[in-house]
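Chain residues, written in single-letter form:
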Amino acid sequence: MSSVADAPAVRGGRKEPSGGKQTEKRTGPVTFYRQVVAELRKVVYPTREQLGTYFVVVIAFVLVMIALVSVLDLALGKLAFEVFTGADDI
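Residues numbered from 1 in each chain as written. Predicted model: local features only at pLDDT ≥ 70, side-chain atom pairs only at ≥ 80, totals over all residues. Heavy atoms only, no water.

> Explain the overall build of the chain here, please?
The helix and strand tally for the chain stands at 3 helices and 0 strands. For the chain, the N- to C-terminal ordering of α and β elements is α-α-α. By residue count, 1% of the 90 residues in the chain fall in the buried class. Of the roughly 8700 Å² that the chain leaves accessible, carbon and sulfur atoms contribute 66%. (Helix = DSSP H or I, 4+ residues; strand = E, 2+ residues; numbered from the N terminus. Buried < 20%, exposed > 50% of the residue type's maximum accessible area, 1.4 Å probe, protein only. Areas by Shrake-Rupley, 256 points an atom, 1.4 Å probe, with all protein chains shown as cover.)

> How should I be thinking about helix 3 (residues 48–85) in this particular structure?
Since there are 3.6 residues in each turn of an α-helix, residues three or four apart along the chain are aligned in direction. Given a rise of 1.5 Å per residue, 38 residues ought to cover 56 Å, and the 55 Å separating the end C-alpha atoms of helix 3 matches this to within 8%. Where helix 3 ends, the next residue or the one after it, Gly 86, has phi of about 70 degrees, a positive value. (Expected span 1.5 Å × (residues − 1).)

> Teacher, can you tell me more about the UniProt feature "transmembrane region" (unreviewed entry) in the chain here?
The UniProt entry lists residues 51–72 under the feature "transmembrane region" (unreviewed entry), expressed in the numbering used here. Here residues 51–72 is 100% helix and 0% strand, with 32 Å between the C-alpha atoms at its ends. (UniProt positions renumbered as here; feature names shortened; annotations may be inferred.)

> How should the confidence of the model for the chain be read in this particular structure?
When pLDDT is low, close inspection of the predicted coordinates is not appropriate. Taken residue by residue, the chain gives an average pLDDT of 84. The fraction at 70 or more is 71%. Here helix 1 (residues 8–11) stands out as the element of the chain with the lowest mean pLDDT, 56, in contrast to helix 3, whose mean of 96 is the highest. (pLDDT = per-residue confidence, 0-100.)

Below, the structure is given as structure tokens:
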């Protein structure tokens, strides 16, 4: 039975059989910058109409969640008040 400590990621990653040194080289800053620019060119940005639609959907969702949490807070607050004080008029 193997444990989590036996996993390669826990033991330190990939190593050469002889010497136990890391085989991966670090990426230089110029190569890193080129890779970032290449990835940013792949990004598909939303159109103005899509952005407006997303905005409205997010605002509506947030308002619904605010209403739901407010109602639950009010109901649970009244319930707690009733349980701990025994008040007849809330």
